[in-house]
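Fold and geometry: a report
This is what each chain is made of:
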Amino acid sequence: MNSWPGKLLRVDLTRGTWAVEDIDPQLARDYIGGRGLGTKILYDEVDPAVDPLGPDNKLILLTGPLTATGAPASARYMAITKSPLTGAIASSNSGGYFPAELRYAGFNGIILEGASDKPVALWIKDGEVELKPADDLWGKTSEETEDAIRDQIEDDWEAKATRIACIGPAGENMARLACIINDTHRAAGRSGVGAVMGSKKLKAIVVRGTQGVQTADFPEFKAAVKTAMQKLASGPVTSQGLPTYGTAILVNIINECGILPTHNFQKGMFAGASKISGESIAENIMTRNKGCFACSIACARMTVIEEGKYAGHGEGPEYETVELMGADCGIDDLAPIAKANYLCNFYGLDSISAACTVATAMELYEKGYIPREDAGMDLSFGNPDALVGLIEQMGKGEGLGKIAMHGSWFLANHYGHTELSMDVKKQEIPAYDPRGVQGMGLTYATSNRGGCHVRGYTIANEVLGVHEKLDPLVTEGKAATVKVFQDLTALVDSSGLCLFVTLTPGFGFDDMQAMIKGATGFDYTVHEVIVASERIWNLEKLFNMKAGFTRADDTLPKRLLEEPLTEGGPKGQVCRLHEMLPEYYELRGWDENGVPKPELLERLGLQA
Amino acid sequence: MEIELKLFMMLKKYGPPHQIDGRSRMPIEPGTRFIDVLKKIGMPVEEDKIIVINGISHKQGDEVNALELKDGDIVAIFPPIAGG
Ligand code: SF4
């Protein structure tokens with residue numbers, strides 16, 4: 001039986017060797033696991049100034065102490081590395097079944113270092129490890145890769161039970177938007193972690209495990225899980241919303257609030273919103289819902305486009321994807337959106353960033369900055385063929401896709417108009433316009449991995465009123481809200497749970513502490529896990545500072561700071577970041593330049 | 001005077017029959033408050049909901065309940081939802 005902290009597999013891809021290591025229990029205690037522990041390992045072992053796509057960068061895949069334990073939504077792992085998209089720390093989260101299988105196979109994480117000169121695949125079976133040539137897999141999409149690997153496994157049942165994480169052609173081409181796909185449809189999506197895997201010529205990780213996972217104090221763990229489950233059962237995540245309509249349930253309400261990014265954030269309302277909503281997905285293209293390992297929320301959608309030029313099938317689209325490929329690109333038809341989303345999964349592209357990049361391309365094109373001969377197609381807003389066509393090119397690294405596959409900033413920069421890239425730290429901003437929901441602006445600007453909604457999802461309070469309802473248009477008090485959400489998220493991401501558990505009224509640090517304590521046997525107090533979450537956030541910050549980031553990077557695109565929204569509730573608003581940022585720094589214990597003060601570092605046991 | 005009422009997901013059941021998309025127009029008297037609309041459609045005042053009036057989301061409670069509506073106001077009501 002595997003327990004926590006347990007073992008790490010360290011693979012040297014340059015030499016083709018590997019070693020099994022014990023995770024240091026003190027580090028595990030101080031950094032929880034997953035995102036936190038991965039950050040610590042990266043910080044200690046990799047120079048933050050390293051070339052993200054060079055052999056000296058490392059890619060760390062880590063589960064957390066709750067992964068595969070049967071705690072609610074305990075399905076997740078994190079991929080931590082230096083991002084080729086942002087140059088900052090990357091930590092991308094994914095669920096499905098691969099993370100649990102890794103723990104069943106006896107490993108709580110994998111450190112990938114060096115780089116192979118030929119394509120390889122890492123095979124793991126119950127503690128046995130093998131690096132196999134993967135020339136035959138190179139060039140294949142994620143789905144083809146999974147199929148080809150399963151074909152190599154003789155026993156039918158074993159083939160089915162094996163779990164795979166891989167890169168598609170985008171990762172091989174080191175597209176800065178490349179993700180790591182596992183279980184065909186789930187993605188450690190953001191910040192270009194797939195490009196790092198591609199730079200190491202590692203095509204796939206193939207895992208099969210039959211060992212169970214053991215918690216340190218089962219009765220205590222069970223009691224904590226029961227309490228958390230009860231809260232979950234009474235909250236909106238398990239009610240009709242997510243299981244029935246998926247995350248795209250948000251389209252209508254976000255549009256109603258006037259913060260639905262439309263035409264590359266030129267507007268906040270979209271006339272076709274209801275056509276791309278969760279209700280419309282459920283009615284028109286969904287075949288069934290699906291969950292990750294041990295998750296009763298089952299927010300994922302299996303969908304199909306039966307016929308026509310966009311025919312296909314797969315999982316999704318999720319809210320962010322359907323919104324950004326839809327409203328932000330001016331498209332109100334689910335068929336091309338679903339198709340473009342399938343293509344992202346096949347080629348291994350981050351669908352959020354890819355969608356934003358298409359929207360940026362469309363605005364660049366309409367303003368005449370991308371010449372027609374470069375575009376090779378009509379890139380006007382609302383053209384579904386442009387969405388599908390450009391994503392296909394990005395996936396293959398062809399045509400305009402050769403530049404666009406590196407993201408909106410690289411594309412806009414290529415044409416001399418970075419002001420049209422809606423990014424923070426070169427990573428694309430997701431599907432909420434911060435001009436009408438001020439706290440999200442602070443979340444985006446201060447996210448350690450650049451433009452991202454899941455580092456401090458204040459929509460939960462500013463719009464949905466999950467824990468308490470806040471006025472989205474005021475800035476007062478938002479610094480504190482953002483900090484608490486960021487810290488709780490750091491803890492959840494480090495534990496192996498899905499962030500969606502935090503969308504439960506009253507779910508907080510105490511629930512996390514109780515479950516983690518039961519699972520690990522460390523006698524954590526609530527105070528200790530709160531301090532650990534701050535430690536994780538600050539260590540990420542220190543990594544970024546050493547990578548060259550400063551206060552000037554904690555900002556938003558000019559459009560969101562200066563051009564007011566033109567309609568709906570937030571009409572006339574811009575994001576008033578300057579009213580929140582100084583207070584945020586102060587609450588964090590940072591100086592006015594956003595540098596952690598010595599007394600904070602001492603309290604957290606960190607060194608600059 | 002009338003308002004536009006938008007009801008989402010299972011809350012459509014509180015709207016008139018034959019509504020398209022849960023949208024309907026509701027004639028109101030001067031001085032009609034949000035709570036009066038709830039009473040008129042038979043939706044329990046205490047039932048958890050997300051309220052968006054003219055594009056601004058409101059905290060459920062006395063303040064929004066007492067809000068007086070004007071001609072042309074857009075009142076949207078959602079069940080508790082989460083996602084992201
Ligand atoms: S809530 Fe959705 S994404 Fe999260 S673990 Fe459950 S099914 Fe997976």
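Just so it is clear, the structure is predicted and the values come from calculations on it, not from any experiment.

1. Structural notes on the pairing of strand 14 (residues 300-305) of chain A
Residue and element names in this part refer to chain A. Among the six residues in strand 14, five count as buried, and that is most of the element. With four bridges joining them, strand 14 and strand 15 (residues 312-315) adopt antiparallel strand pairing. Each residue of the ladder has a partner; that of Met302, found in strand 15, is Glu315. With antiparallel pairing between neighbouring strands as the criterion, strand 14 and strand 15 make up a hairpin whose turn holds six residues, including Gly308 at a positive phi of roughly 90 degrees.

2. Observations concerning the site of the ligand
Residues and elements named next belong to chain A. Taken together, Ala73, Arg76, Arg186, Gly291, Cys292, Cys295, Ile297, Ala298, Cys299, Cys498 and Phe500 make up all the residues around the ligand. The cavity where the ligand resides is the largest cavity. Across the shell around the ligand, the residue classes break down as eight nonpolar, one polar and two charged.

3. Concerning the sheet that holds strand 5 (residues 74-78) of chain B
All names here are of chain B. The strand order across the open sheet formed by five strands is 2-1-5-3-4, and the pairing between neighbours is mixed. Either end of the sheet is taken by a strand with one partner, and the two such strands are strand 2 (23-27) and strand 4 (56-58). Across the sheet, the mean angle separating the axes of adjacent strands is 25 degrees when strand polarity is ignored. Bridge count for strand 3 (residues 50-53) against strand 4 is three bridges, and the pairing is antiparallel. Counted as the bridge partner of Ile51 is His58 from strand 4.

4. Points about the nonpolar core
Residues and elements named next belong to chain A. If you look at the biggest cluster of nonpolar residues, it comprises 165 residues, and the most contacted ones within it are Ile253, Ile254, Leu379, Ile391, Leu464, Met512 and Met515. Looking at which element gives the most residues to this core, the answer is helix 14 (residues 351-366), with 10 residues. Excluding anything up to four places from it in sequence, Met515 contacts Leu66, Ala71, Pro72, Phe221, Ala224, Val225, Ala228, Leu497 and Phe507.

What counts, and where the lines are drawn
Residues numbered from 1 in each chain as written. Chains lettered and ligands numbered in written order. Predicted model: local features only at pLDDT ≥ 70, side-chain atom pairs only at ≥ 80, totals over all residues. Heavy atoms only, no water. Buried < 20%, exposed > 50% of the residue type's maximum accessible area, 1.4 Å probe, protein only. Helix = DSSP H or I, 4+ residues; strand = E, 2+ residues; numbered from the N terminus. Pairing = 2+ DSSP bridges. Near = heavy atom within 4 Å. 1 Å grid on protein atoms, 1.4 Å probe; cavity = no way out; pocket = protein on both sides within 12 Å on 5 of 7 lines; lining within 4 Å. Sits in = over half its atoms within 2 Å of the grid points. Nonpolar A, V, L, I, M, F, W, Y, C, P; charged D, E, K, R; others polar. Axes fitted to C-alpha atoms, helices over the stretch in contact; angles between N-to-C directions. Core = buried A, V, L, I, M, F, W, Y, C linked by side-chain atoms within 4.5 Å. Contact = heavy atoms within 4.5 Å.

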